[in-house]
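Summary of structural features
Here's the letter readout for the chains.
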Amino acid sequence: MSSLTYAVHDSATMLRRNLKHAIRYPSVSLGSAALPVMMLLLFVYAFGDSIGAGIGGAGASRDVYLEYLTPGIVIMGVAAGSMSTSIAVCSDMTEGIINRFRTMNITRSSFMTGHVLGSVIQTVFGVAVVVGVALAIGFRPDANVLEWLTALGLLVAIAFALTWLSVALGLISKTVEAASNKPLIIQFLPFIGSTFVPADSMSPGLRWFAEYQPFTPMTETLRGLLTGSAIGNDAWIALAWCAAIALVGYVWSRSLFNRGTTR
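Thresholds, definitions, all that
Residues numbered from 1 in each chain as written. Predicted model: local features only at pLDDT ≥ 70, side-chain atom pairs only at ≥ 80, totals over all residues. Heavy atoms only, no water. Axes fitted to C-alpha atoms, helices over the stretch in contact; angles between N-to-C directions. Helix = DSSP H or I, 4+ residues; strand = E, 2+ residues; numbered from the N terminus. Parallel < 35°, antiparallel > 145°, perpendicular 65-115°, else oblique. Left-handed = near helix turned anticlockwise from the far one by under 90°. Contact = heavy atoms within 4.5 Å. Buried < 20%, exposed > 50% of the residue type's maximum accessible area, 1.4 Å probe, protein only. Polar contact = N/O pair within 3.5 Å; in protein donor to acceptor, adjacent residues only side chain to side chain. Phe/Tyr/Trp six-rings, centres within 6.5 Å; stacked < 30°, edge-to-face > 60°. Lys NZ or Arg CZ within 6 Å of the ring centre and 35° of its normal. Salt bridge = Lys/Arg side-chain N within 4 Å of Asp/Glu carboxyl O.

Considerations on the packing of helix α6 (residues 110-136) against helix α7 (residues 145-172)
Across the interface, α6 lies against α7 with an axial gap of 9 Å and an inter-helix angle of 130°. Considering the angle they form, α6 stands oblique to α7. When the axes of α6 and α7 are compared, the crossing they make is right-handed. Side by side, α6 and α7 meet where M112, T113, H115, V116, S119, V120, T123, V124, V127 and V131 of the first sit next to W148, L152, L155, V156, A159, F160, T163, W164, V167 and L171 of the second.

As for the side chain of T85
Assignment of secondary structure puts T85 in helix α4 (residues 85-95). Classification of T85 by relative accessible area gives buried; the value is 5%. At 2.7 Å, the side chain of T85 forms a polar contact with the side chain of S119. Residue contacts for T85: discarding those within four places in its chain leaves H115, S119, T163, S166 and V167.

Details of the packing of aromatic side chains
Given two aromatic rings, their pairing is described by the distance between the two centres and the angle made by the two planes. Overall, the coordinates contain 8 aromatic pairs when judged by the stated rule. Ring centres of W164 and Y250 lie 5.1 Å apart, and the angle between their planes is 90°; this geometry places the pair in the edge-to-face category. Taken together, the positions of W164 in helix α7 and Y250 in helix α12 (residues 234-259) put the pair 86 residues apart, joining distant regions of the chain. Given a relative accessible area of 5%, W164 falls into the buried group. Overall, Y250 belongs to the partly exposed group, its relative accessible area being 32%. The structure contains a cluster of three or more aromatic residues connected by ring pairs, namely F43, F47, F188, F191 and F196. Residue placement shows R223 over the ring face of Y68; its charged tip is 3.7 Å from the ring centre.

Quick notes on the pattern of salt bridges
In total, this model carries 1 salt bridge according to the counting rule given. Of the charged contacts in the structure, one is a salt bridge between E220 and R223, with a shortest N-O distance of 2.7 Å. A residue pair is termed a helical-turn pair when its members lie 3 or 4 positions apart in one helix, as E220 and R223 do in helix α11 (residues 215-227) at 3 residues. Look at E220 and you get buried, because its relative accessible area is 18%.

Keep in mind these numbers describe shape, not what the thing actually does.
In structure tokens:
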């Protein structure tokens, strides 16, 4: 077999390993959806009427805010799900299983590829839970089949990029606790974007940051696909951010793993 065939076979083996872990511990997959679901319910039912009036004008109901908020919450779910990979990677490093993998006749990159692909699948599952809750409480997107498929492709691209970054954060962490804390900054970024309120309603300095950080164009692109709002150049900017984050995460992870010393 060619080297590419070996790489695909080894990556599939590692993917099965990670999916078996996910099935054995479903709380990990469901846990990543817990925070986005709680934020969705809290903001819709506690602040939906007041913020909805600010977005949709006087007389607007919480349904207006639910339509605005849901795409941003879905992006939060992607970030939460993909960044949990750092814990799994660090756990493998601290438990010593990675040293056994290094002595085996397997493709070196398959360990990371298995984690990335497994995390993307789990993240999509978590996002489905978030979307299901949103639909249950009244979210009614007007996207057609093509727009839904495009939205799914965007979410997979975001999850893929963030997961590679998460792998690198797991490789540089000395403990599982540290691996769980390092991604918090990235998971916090959606809060300082257009997830909960439009960026142009913020103070000048905060508005500038919100407009130029990666999660705002990602959120606006998904919002446009699901609710029909204007997308403009946000789609290309979001894809450029995904490509850049994925490249940085991949190169960083590959360098750390191939050196054999990550601490």
